[in-house]
Every structure is written in structure tokens, then in C-alpha cells.
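# Notes for the structure review
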There are 2 protein chains.
Amino acid sequence: MQIDIQRNIGVSLSKQIYQSIVDRIRSGLLEEGLKLPSVRNLSKELEVSLVTAVKAYKQLEQDGFVNSIQGKGTFVKTKIKEKKREKEAIPSYDWQLSLQDYLPRSQFARYHMAPQKVHLSSSMIDPKLLPNRYFVHEVQQVLSENPELLSIYGNVQGDSQLRSEMSTYLKRSGVLSTPENILVTSGLQQSIDLIARTFVGPGDVVIMEAPTYPGAIDIFRGRGATILTVPVDKDGMRIDILQNVCEKNKPKVIFTIPTFHNPTGVVMSLKRRKQLLDIARSIHCIIVEDDPCSEIYFEKKPPVTLKSMDQFGNVIYLRGLSKTIAPSCRIGILTASGSIFNRLLAAKANADLGSPLLTQKAILPLINSKRMIDHTKKLRTALKIRRDLVLDLLTSLSPEGVSWTIPEGGLNLWISLPSWIDSHFLLSEAKKQQISFLPGTACFTSGQENNHLRISYSYINEELLTHGITTLCNILHAMISSKKISETPPYTIFLG
Amino acid sequence: MQIDIQRNIGVSLSKQIYQSIVDRIRSGLLEEGLKLPSVRNLSKELEVSLVTAVKAYKQLEQDGFVNSIQGKGTFVKTKIKEKKREKEAIPSYDWQLSLQDYLPRSQFARYHMAPQKVHLSSSMIDPKLLPNRYFVHEVQQVLSENPELLSIYGNVQGDSQLRSEMSTYLKRSGVLSTPENILVTSGLQQSIDLIARTFVGPGDVVIMEAPTYPGAIDIFRGRGATILTVPVDKDGMRIDILQNVCEKNKPKVIFTIPTFHNPTGVVMSLKRRKQLLDIARSIHCIIVEDDPCSEIYFEKKPPVTLKSMDQFGNVIYLRGLSKTIAPSCRIGILTASGSIFNRLLAAKANADLGSPLLTQKAILPLINSKRMIDHTKKLRTALKIRRDLVLDLLTSLSPEGVSWTIPEGGLNLWISLPSWIDSHFLLSEAKKQQISFLPGTACFTSGQENNHLRISYSYINEELLTHGITTLCNILHAMISSKKISETPPYTIFLG
């Protein structure tokens, strides 16, 4: 097993091994029933003491992730024996199990895409809130006028017309980027991935907010980064703590979602934005400003972007169009300056030679159209109604000891449970009633906090939202009133 | 500078440093006028002797890549002074230059996309040979019938209908894959990238054919792989040499393009295919079978795929649809078995959360339609005519000492020049007449052979092909008859 052990980061080695294995199990990378390496082999391979390896395995067993069978070894726990038999690997593929990989974690998609009737896990827009017929008409027209576009490759940087439209579009958010400094990507996930593969390697320090967007953790972990975290409060990332962290460990990248932070929905204050820029400038590090939904504000416009105040080329700004216009096109952009931009462009060439031209041309007529501007206004209203509904439901139905953030925009809110409740257990109960949400552990780099969850109010309608939140509150009431759960370890529920 | 130095691979350290810097210059990653680290700093950073660093820099200067200025340092050579001034970096971004990256090479897109009138560098299909109006009609119908598709994300693995169509499509090539074992990717380049990021890390051994597809070299170099090469002859990869290489260095991945090999166009014999599988099985390694254009055969169908004979899950099979159906959709697939497949699926989630749904739905009605089967037949005929034209022109016009392969399918042929001719010099001359091609060095992992070029006969029409090949032959005649070029080093021509 490829486990990156990092010394001198204040986390014990056994905890690191434990977390690595938990992450792989939660990512589906260590499948149920799989035999883990013996403690002896593991300790040799990772150059840690036998005691350390034993401690990690004991904790795994105690928390219900693995089963130790005397004389046979340690196995990833299966839920149901029958299920295991069905899934039994074909023996001739056995050799593959010893093939090492470089995939420590891949959790986000598993939770995000979980198909449930009451889909509180997806921070996507309800298709019913998007102007599909209008969009179809526009795409059909583009194709009629230019049928040859289907038979040509786009270029690596992205279609020049699209970059020009995006330059205009970004101006509305105060981001002044020329088309030459815009790179079209296959969504924000790819934008983050391009930055990581270009600038982050084993041992490089990346600072992230805690909690943060799980898809970004998946990426930076995959690059072997040393990830340090800084908590967020109601004004965003705690800059005072960031300052301390930076003094001890020079980061190469600071990853932030300053506006309608994912998962909490909070907004970084203007003062902190300026302080963050000052720090990055003084220590020569990159700020990744991930901005998926600053257009979805409910009361007032958010403060100006970091990018619009960036004078020294520290900020790489990421914007996606999947949240407001067309999820099926998966179009994102990044904009940066100087040699940072040139290198990201080369990384895009290596990754996929450029995004498909069809999706870029399809979205073109919409971006700056009056129709889309009107649509965005309506979207804000519709989502505010849904957010308010969820807040009202929580206020009237949730048991004592449960708290939540009040997002001023975006698609998500963050709920904190009493510390003894494991959100994975809540999820397994919720799933019985066809409800999904994102367990908070996925939003932490080392899964340190179990008692939070992210709720997205953007994807399902009012009726389903009411049903979902009411049911969740009922489950919580039952858990709290019985409180039995605190005595029994949450066996076999770890897969969410 | 991030330079991977590998000891004990039979290549001197100074040569490795030299090649690393050349690759970055050719990739546009070290820009003109940029100051390189001093030899002293370089030798310290890379832990090599001062003599080694000096030797590398001397060779760079001798070959016209850099300029040493007494007391000032070593600079990447600029072509024209005026041009440099225009491009002068903004001083406030200076700090970015010392920011290390993990991008040793990114050459393919630079050559492939070079916009020239006589485009011999692009192994793409002439848009005029694709059924655009029919395709537009089909896409418009899909959209009319299902407007909501524009507002939904696809899933990570790819649209289930598309995977089902692809399963049927692959059966025609003898590849039996269920939809569950097919992953939709954003083109072959991404398929290769997913494999590399999952299974290849620093020092892992990857075996590639020499020459091979430059985009794959860019990727594996980016992962810090130790790349070993095996030459190809008219029957494909030299399995006897492969056997020797594998005895000394256990590879993790063998990358091959057995059918209409890129760049040479040769086909691996059935016997060698079986031998290759035997080797992979016995040493437990992955074979990546890249198959971009096995449908484009001119005389007889190629031998069965490696994948169709794979019993032990060694083969990851890659197929793209950009070459025959719709370049603007950038759809590729990969198929594999067992835990190898599951891990690649997780890697796709991390890379971009799944390909856009629009392009997948757009291409759906075409894949197995009678119209597309007829189209593919016509395409074979049209491309055979173009290949024959190029072969005829080369036979009648090329100077002595020039040889070429006779591809039995695919889009490319490989031309070898007398060993003293540098194809980069030929390219710089050709560009003056608006002709581009792919210089052979890009197809070698360490640029070891300068005297080859790849010509694609698929993108431009007969008239342009005639003009292009005739002009290239004229330039070659002039070079050979004067032979002056052998005396003067090819200054300032290294960027192609």
C-alpha cells in the first residue's frame, strides 16, 4: 500500500496510517473483504515500528472498519456475507491487488453522486430551475449555422470566442482578465487538478480551510502534499491562525473558497481578503481562489474577489459555469498571470489536449445574454426561498445541541451535531429512508471531525426538502433521546 | 528547476540534465531570455558534480539552445531581440520564476496544433471527410427530444447508454467488454493520463516503443517515470529486445500502439502480440493498448487486439472516437478488468468528476448507425488515396538517402533522413513556406534521434498534400546538394 508518512507535522504516525486506510476504504479503493498487509510487512514497508502498525490496525478494528481473524489476517469489513460472495474477485486477477497505486483518496464523487430520492448531497442546481428550452434552441441554431464545428478539435487553451465572452463575463465580478490569460477547463475540478499537478508535489505544503471542498482534498492528497489546515469562522478563513501556520511552514499553495464557502456558506470579509493577499505576497506563494457561485447571493453582493486586488500575480482564480448555466457542458475557466499561466496551459495540454469544442460553442450565446442575466436573478430568488425553508425547518424541528450556518449565498449549509453523534451513522439511517447528504468527515483533510454534515438545498424542490429535513430531524431526535448509539461502536456503517 | 536525475539507467547525468532543459525549452516552459540557474546552484540542487553541470550547459550552448554571457549568466536563447522586448515579463511577477513545477515536458500540443496552411503535423481527419450535416441533424433531434439533458451532470463513469453503445461498437473489433467495465474519458490523451496518475510514480519503470506517441511521453515524464524504450520494426515492437529489458528492469507499465503505430504506421504481428501478453502475464505488469485508429485499414483488417486475448486482466485498452466520428466531442473510452478498472474510475472522479453529458449524448445515435459504418468505409478509401499520393510523390521526388514506412492503415507515415540532417532545421525552413510536420525528436523519450519526421496525410486535401510534399522534397534536395548545414550548428531553430 502506498501510504505517505509525514514526520514532524504533529500527527502521530499510527493516526496517519489509520487515516490513510480509512480514506481508501471510504473511497472504495480498498474493497470489502480485501486482505490488508500484515502488520509486520506494513511496518517494514513504511519504516515505522511494529507498535505503530499494531496501534493503527487496532483502532481500525475498534472503529468497525476491519476484521482481524486469528491466523488469517486483517480484512476490510464486509456488510453482508452474501454480498461479498457476489462480488468475489476473479482469481486470475489476483495479481492486481499487489499493484501499488497513487490514489490515497477519492471520496467526493462517491457521496456527491449517491443516487437517492431525497438528494441533499448534491450541490447542483435543480434542472427545473434552468432555462433548458431556451438553451436547446440556442444550441440548435449554433449547429445549423456552423455544422463544421462538429468535426474540428478545439485548441488547448479553449475557444477564442468563449474566452472573449468569459473576459466580459468576469468583468461583472470585477475580475479584469484578457482572453489571453483565460484557460478553459472541464469544470472546476479539473482547474484544481491542473494547479496541483503543475505546482504541488510530495512534501510541498498546501494550506486549506477546515472544513473545505472534499474534491480538492482528494486532488491534493493524490499529489502527496503536506496539507495543513486553518479553521473558518463567520468571516471566513482565520487569518490570524494562517499567519502562525505560515511562519512555521512556508506553503506553496493556499486554497480558499472565500465567497459562499463550501461547505459552510460563509463569506470572507474584505479585511481578511486583503490580509490574505498581503501574506501571499510576502511569502511568494500561490493563492487558489475557487469561486463556484459568487453570482448566487441572497441579500447583498459579496466583497470583491481576491483576484481583482492581485497586483503581483499570486492569485489563480477559478470560476465554473456548471452551477448557474449548463451542468452538462462542464465548463470552467481559470485565469492567472505570468509564467504561472503558461505552465498551467502546458499542463492542460498534457491532461487532455483541450476541452471539447462542442460544449464551448454550445454555451457561447448564453453567457452574456440578457436572458441569462434575468435567469440568474430568478435563480437567486428561487434558491433563497429554498434556503429559508430549510432554515425555518431546522429552527422549528431540530433537537437541542444541533447548530447550523446561515449562508448568504451559494448552495449549501453546514450542520453541526452533538460531538458524540457520527454523521456516518446518521447517513446510514437516512439512506434507509432514501435521503442522502455529505458527511462532514469528507470535508476535513484527515477526517478529524465526525459530527457535521453538509446539506445542499439547491437540487430538490420544496416538497422533497421539507420531507428530507423533517425526516433527518426525526432521526436525530430518536438518536438523542435513546442515546444508545454512544455505547455501541458504529459497526459496518463506515461506507456511508 | 525540478530535474529528475536517474542513476544506473545507462545515460550520463550531464546528458540527462541537457535533455531535461532541451525538453523544457521545446515545450515553451523555459521561455526565451530566461536566466538559467548558475552551474554552481544547479550542481548543488541536483547533487551532481560541478563538472557534470558545466558539461550540460556547454552542450546546450554548442547546440544553440542557450547563450552564456560572461559575468551575467546563462540565458535561453532568443530568436530576435525585438521579440524579446515585447515579451518582457512584468517585473512584479518575477517571483514566479523561482516557483518550481512538475512539468518536465509538454511538446506534443505545440507541434500538433501549429497553425500552418499546409498542415502535415496533425493526425486529425479532414473535416470535409466527416458527415457533418447528418451529425448536426442527429444532435438537434437528441436535444429536441430531451432538453433537460443540458441541465444535468453526467456521472463519473460516463453515460450508461453511451457505454452500452460502446460495448456493441467494441465487439466489432473483438473486444468483449460489458458497459460496467467501460470508462468514458475526454479523449485518448486523458485515458493515458488517468493510467499514469494512478499507477506510475517517480522511479516506476515504463516501457515505450521508440519512436512513440509524443503526448504519452509528455504524460509519463510528468509522473517522474523511468522510461525505457524498445525499438519497432516492420512487425511492431521488438519483443526479443523487450524480453531483455524486462529481465533487467521490471516494468510496471508497457505502453504500446500495436495497430497502425503512431508515428510509423506499422502493425504488430499476431505472434508478437501473443508474446507480449505472455511477458506481461509472467511479470505481472500492465499493458496499455492504445488503439486510436484500427478502423482505418487500407488493405486487410489488422490482427486481433491484445485486449481480446487478455485472460488475466493485464491489458487496459484505449479507444477514441475523435479520429473517425467527432473530433469536437473529444470522447474516448478505456476498458479494463478487476481492481485496475475500479482504481481508474476513482482517478477519473478526482480528475474532473466525469466527462460532459452533452458530448456523450450527442455522439450516441451515430456510433453504431448504418450511416457511420458506411462513412467509415468511405473514409478508408479517401485516406488510402491520400496515402498513395504521398507515397508516389516521395518515390518520384525525394532525394537519395531518404526512406519512409508504408502504413497499412492509420493517418501517419514516418520519414527518415540522412543522419546529418536535423528535422528541426527542416521544419524551420518548411515553416517559411507555411508547411508544418511533427519533428521526430518529439517521438523519442530523450530526443535521441534528430533525423526523422512524421507526416500526417489525413488532414489536408490532395492539392495541398502535393504542394506540401513537393516543397519538402525540394528543400531536402537543396540541403543535400549544398550540404552546408552540416558545418554550421542549427542556431535559433530549436523551437521548430
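Here the residue numbers are simple positions, counted from 1 along each chain's written sequence. Following the order in which they are written, the chains are lettered starting with A and the ligands numbered starting with 1. Local features in a predicted model are, by the rule used here, given only for residues with pLDDT of at least 70; side-chain atom pairs are given and counted only at 80 or more, and totals for whole chains, interfaces and linings are based on all residues. The side-chain numbers reported here are obtained from all heavy atoms of the structure, hydrogens and water having been left aside.

## A closer look at the overall build of chain A
In this description a helix means any DSSP run of H or I spanning at least four residues, a strand means any run of E spanning at least two, and both kinds are numbered starting from the N terminus. The helix and strand inventory of chain A stands at 16 helices and 16 strands. With C-alpha atoms as the basis for the radius of gyration, the globule rule is written as 2.2 Å multiplied by the number of residues raised to the power 0.38. For 496 residues, the compact-globule estimate of 2.2 N^0.38 gives 23 Å, and the C-alpha radius of gyration of chain A, at 23 Å, lies within 12% of that figure. Across its three principal directions, the C-alpha atoms of chain A cover 70 × 50 × 50 Å. Throughout, a residue-residue contact means that at least one pair of heavy atoms, one from each residue, lies within 4.5 Å. Sequence separation of 24 or more characterises 74% of the internal contacts of chain A that already satisfy a separation of 6 or more. Accessibility throughout is a Shrake-Rupley quantity obtained with a 1.4 Å probe, and a residue counts as covered only by protein chains that appear here. Roughly 18,500 Å² of accessible area belongs to chain A as shown, and the carbon and sulfur atoms make up 51% of that amount.

## A look at the packing of helix α15 (residues 423–431) of chain A against helix α16 (residues 462–482) of chain A
Residues and elements named next belong to chain A. Running from N to C, α15 and α16 cross one another at 125 degrees; their axes reach a closest spacing of 10 Å. In this view, α15 runs oblique relative to α16, as classed from their interaxial angle. α15 and α16 meet at a crossing whose hand is right-handed. Between α15 and α16, the contacting residues are F425, L426, E429 and A430 on the first element and L472, I475, L476 and M479 on the second. Under the scheme applied, nonpolar residues are Ala, Val, Leu, Ile, Met, Phe, Trp, Tyr, Cys and Pro; charged residues are Asp, Glu, Lys and Arg; polar residues are all the others, including Gly. Here the residues of the contact of α15 with α16 are counted per class, giving seven nonpolar, no polar and one charged. Under this scheme, a helix contributes an axis fitted over its contacting stretch, all axes are lines through C-alpha atoms, and angles between N-to-C directions fall in the 0 to 180 degree range. Roughly parallel covers angles under 35 degrees, roughly antiparallel covers those over 145, roughly perpendicular covers 65 to 115, and oblique covers all other angles. Crossings are classed by handedness, with left-handed meaning an anticlockwise turn of the near helix from the far one by less than a right angle and right-handed meaning a clockwise turn.

## So, the side chain of R272 of chain B
Examined against the element boundaries, R272 of chain B turns out to sit in helix α11 (residues 270–283). There is a polar contact of 2.8 Å between the side chain of R272 of chain B and the backbone oxygen of G236 of chain B. Two N or O atoms form a polar contact when they lie within 3.5 Å of each other; inside protein one atom must be a possible hydrogen donor and the other a possible acceptor, and for residues adjacent in sequence the pair counts only when both atoms belong to side chains.

## Here we look at the pattern of salt bridges
By definition, a salt bridge exists where a carboxyl oxygen of Asp or Glu is found within 4 Å of a side-chain nitrogen of Lys or Arg. By the definition in use, this model includes 49 salt bridges over all chains. One salt bridge in this structure joins D374 of chain A and K370 of chain A, with 2.8 Å as the shortest N-O distance. Here D374 of chain A pairs with K370 of chain A, and both are found in helix α14 (residues 370–397), just four residues apart, close to one helical turn. Connected via shared salt-bridge partners are D193 and R197 of chain A together with D193 and R197 of chain B.

## Some points on the packing of aromatic side chains
To pair, rings of Phe, Tyr and Trp, with the six-membered ring standing in for Trp, must have centres within 6.5 Å; the planes then decide the type, stacked if under 30 degrees apart, edge-to-face if over 60, and tilted in the middle. Across all of its chains, the model carries 10 aromatic pairs over all chains by this definition. Ring centres of Y18 of chain B and F65 of chain B lie 6.3 Å apart, and the angle between their planes is 80 degrees; on these two criteria the pair is classed as edge-to-face. One end of the pair, Y18 of chain B, is in helix α1 (residues 13–26); the other, F65 of chain B, is in the loop between α3 (50–62) and β1 (66–69), with 47 residues separating them in the sequence. Note on Y18 of chain B: relative accessible area 11%, which makes it buried. Ring plane angle 70 degrees and centroid distance 4.9 Å describe the contact between F108 of chain B and Y213 of chain B, whose orientation is recorded as edge-to-face. Here F108 of chain B is found in helix α5 (residues 108–112), whereas its partner Y213 of chain B is found in the loop between β5 (205–210) and α9 (214–222), with 105 residues between them in sequence. Each residue is assigned to one of three classes by its accessible area relative to the maximum for its type, calculated with a 1.4 Å probe on protein chains only: buried under 20%, partly exposed between the two thresholds, exposed over 50%. For F108 of chain B, a relative accessible area of 2% puts it in the buried group. What makes Y213 of chain B buried here is its relative accessible area of 10%. Cation placement over rings: the criterion is NZ of Lys or CZ of Arg within 6 Å of the ring centroid and within 35° of the ring normal. One residue, R223 of chain B, lies across the ring of Y102 of chain A, its end atom 5.6 Å from the ring centre.

## Overview of the relation of the copies chain B and chain A
In superposing the copies, a least-squares fit is computed on C-alpha atoms, taking residues whose pLDDT is at least 70 in both. Rotating chain B by 180 degrees about the axis while translating it 0.0 Å along that axis superimposes it on chain A, leaving an RMSD of 0.0 Å. Within this description, the copies of the chain are treated as partners about a two-fold rotation axis. No C-alpha of chain B lies nearer the rotation axis than that of Q140 of chain B, which sits 2.8 Å from it. Of the interface residues in chain B, 100% have counterparts in chain A that sit at the interface too, so the contact is made through matching surfaces.

## Observations concerning the interface of chain B and chain A
Listed per partner, the contact involves 87 residues of chain B and 87 residues of chain A. Overall, the association of chain B and chain A removes approximately 7,800 Å² of surface from exposure, summing both partners, and the carbon and sulfur fraction of that is 60%. The largest contributions to the chain B side of the interface with chain A come from W95, Y102 and Y153 of chain B, which together make up 11% of the buried area. Summed over the shared surface of chain B and chain A, the result is six salt bridges. Viewed at the interface, chain A and chain B are joined by 51 residue pairs in polar contact (both at pLDDT 80 or more). For the side of chain B that touches chain A, the elements supplying multiple residues, two or more each, are α5, α6 (132–145), α8 (187–199), α9, α12 (338–352) and α13 (357–363) of chain B. Ranked by the residues each element gives to the side of chain B that touches chain A, the list is headed by α12 of chain B, at 11 residues. For the side of chain B that touches chain A, the residue count by class is 43 nonpolar, 28 polar and 16 charged. Throughout, buried area stands for the accessible area (probe radius 1.4 Å) lost by two parts on being put together, summed over both.

## Description of the packing of helix α8 (residues 187–199) of chain A against helix α12 (residues 338–352) of chain A
Residues and elements named next belong to chain A. Relative orientation of the contacting elements α8 and α12 amounts to 105 degrees, with a least axis distance of 9 Å. One way to sum up the angle between α8 and α12 is to call them roughly perpendicular. Listed contacts from α12 to Q190, L194, I195, R197, T198 and F199 of α8 are I340, R343, L344, A347, K348, N350, A351 and D352. Considering only residue class, the contact of α8 with α12 consists of seven nonpolar, three polar and four charged.

## Topic: the side chain of N451 of chain B
Residues and elements named next belong to chain B. With respect to the helices and strands, the residue N451 is situated in the loop between β15 (438–439) and β16 (452–456). Assessed through its relative accessible area of 12%, N451 is described here as buried. Not counting residues up to four positions away in its chain, the partners in contact with N451 are I415, S416, L417, P418, S419 and I421.

## A few points about the sheet that holds strand β16 (residues 452–456) of chain A
Residues and elements named next belong to chain A. Strand order in the open sheet made by the four strands is β12-β13-β16-β15, with antiparallel pairing throughout. The open sheet is flanked by β12 (403–404) and β15 (438–439), the only strands paired with a single partner. For two strands to pair, DSSP has to find at least two bridges joining them. In this sheet, strand β13 (residues 412–416) lies alongside β12 in antiparallel orientation, the contact comprising two bridges. Across the sheet, the residue bridging to S403 is S416, located in β13. The sheet strands contacting α14 are β12 and β13, and the helix crosses β13 at an angle near 15 degrees.

## Concerning the pairing of strand β9 (residues 286–291) of chain B
Residues and elements named next belong to chain B. Counting buried positions along β9 gives six out of six residues, so the element sits mostly inside the fold. Burial of the side chains of β9 extends over both faces: I286, V288 and D290 are buried on one face and I287, E289 and D291 on the other. Sheet topology places strand β8 (residues 253–256) next to β9; four bridges connect them, and they run parallel. The partner of I254 across the bridge, within β9, is I287. With respect to chirality, the unit in which β8 leads through α11 into the neighbouring parallel β9 is right-handed. Alignment of β9 against strand β10 (residues 315–320), held across five bridges, turns out to be parallel. Bridged to D290 within β10 is L318. For crossovers, right-handed means that the path from the first strand over the helix to the second runs clockwise, given strands pointing away from the viewer.

## Quick notes on the sheet that holds strand β12 (residues 403–404) of chain B
Sheet architecture is open: four strands sit in the order β12-β13-β16-β15 (chain B), paired in antiparallel fashion. Two strands lie at the open edges of the sheet, namely β12 and β15 of chain B, each paired on one side alone.

## Looking at the domain arrangement of chain A
All names here are of chain A. Delimitation of the domains relies on an automatic or database domain assignment. Each assigned domain of chain A is listed with its residue range as follows: domain 1 (13–104), domain 2 (110–129 + 372–486) and domain 3 (146–368). Taking only C-alpha atoms, the centre of domain 1 and the centre of domain 2 are 31 Å apart. Of the residues lining the interface, seven residues belong to domain 1; the matching set on domain 2 comes to seven residues. Summed over both sides, the interface between domain 1 and domain 2 buries roughly 470 Å², with carbon and sulfur atoms accounting for 40% of that surface. There are two residue pairs in polar contact (both at pLDDT 80 or more) connecting domain 1 and domain 2. The class makeup of the residues in the side of domain 1 that touches domain 2 is one nonpolar, three polar and three charged.

## Thoughts on unusual backbone geometry
The general pattern is negative phi for most residues beyond glycine and trans for most peptide bonds. Here A210 of chain A and P211 of chain A are connected by a cis peptide whose omega angle stands at 0 degrees. Here P211 of chain A is to be found in the loop between β5 (205–210) and α9 (214–222). Even without being glycine, Q434 of chain A reaches a positive phi, approximately 60 degrees. Tracing the backbone shows Q434 of chain A in the loop between α15 and β14 (435–436). Accessibility expressed as a relative area gives 41% for Q434 of chain A, which makes it partly exposed. Unlike most non-glycine residues, R330 of chain B shows phi in positive territory, near 50 degrees.

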